[in-house]
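Inside the fold
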Amino acid sequence: QLQLVESGGGLVQPGGSLRVSCVGSGSTLDNYAIGWFRQAPGKEREGVSCISSSGGRTNYAGAVKGRFTISRDNAKNTVYLQMNSLKPEDTAVYYCAGRTYYSRSTCIVGGDMNYWGKGTLVTVSS
């Protein structure tokens, strides 16, 4: 069974950068497509980005495209989300989640996932 743990959240000023990490255990992470989601106070959870199990495909929500970059290091069983040009509206708890697909090239932003981490809080404020 895959377990996921996020880290790297914190307080950052508008325009700043932050990288959050998602470490997998209990199973080989490269069998799984990984997605990043976020939930702001009073709002529903939304998909932010995803990366296929092969690492060859990435997708982004429109609100973060061009500012966020997802990547994976399967040797370290870790997926990263590099967040640049952060805005106050990016403030949320960020979750990583995983699932397997038939194709190693598939990932769907905001798609159904089977395994979830507990989240890390990112606050963008001056």
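A few points on the structure. Predicted, not measured: the structure shown is a model, and the values here were computed from it. Residue positions are given per chain, counted from 1 along the sequence in the order it is written. Per-residue local features are limited, in this predicted model, to residues with pLDDT of at least 70; the limit for side-chain atom pairs, both in listing and counting, is 80 or more; totals at the level of whole chains, interfaces and linings are taken over all residues. The basis for every side-chain value is the complete set of non-hydrogen atoms in the structure, without hydrogens or water.

What follows deals with the pairing of strand 9 (residues 92–99). Taken residue by residue, a regular strand's side chains alternate between the two faces of the sheet. The buried label applies to any residue whose accessible area, calculated with a 1.4 Å probe on protein chains only, is under 20% of its type's maximum; exposed applies above 50%, and partly exposed to all values in between. What counts as a helix is a DSSP run of H or I of at least four residues, what counts as a strand is a run of E of at least two, and both are numbered from the N terminus. Counting buried residues along strand 9, six of its eight residues qualify, which places the element largely inside the surrounding structure. Where strand 9 lies against strand 11 (residues 120–124), three bridges are found, and the strand directions are antiparallel. The residue of strand 11 that forms the bridge with tyrosine 94 is threonine 120. Across two bridges, the pairing between strand 9 and strand 10 (residues 115–116) is antiparallel. Within strand 10, the residue paired with glycine 98 across the bridge is tyrosine 115. Two strands pair under a simple rule: DSSP has to find at least two bridges between them.

Here we come to the side chain of glutamate 6. Summarising the element assignment, glutamate 6 is placed in strand 1 (residues 3–7). When charges are tallied, Lys and Arg are placed among the positive residues and Asp and Glu among the negative ones, while His and the ends of the chain are skipped. In the sections that follow, a salt bridge refers to a side-chain nitrogen of Lys or Arg positioned within 4 Å of a carboxyl oxygen of Asp or Glu. No salt bridge is formed by the buried glutamate 6; its nearest oppositely charged neighbour, lysine 118, is found at 9.0 Å. In this structure the side chain of glutamate 6 is engaged in a polar contact, spanning 2.8 Å, whose partner is the backbone nitrogen of glycine 119. Here, two residues are considered to be in contact whenever any of their heavy atoms come within 4.5 Å of each other. For glutamate 6, the contacting residues outside a window of four places in its chain are Ser21, Cys22, Trp36, Tyr94, Tyr95, Cys96, Gly117, Lys118, Gly119 and Thr120. By the criterion applied in these results, polar contacts are pairs of N or O atoms within 3.5 Å in which, for protein atoms, one can donate a hydrogen and the other can accept it, and in which residues neighboring in sequence qualify only through two side-chain atoms.

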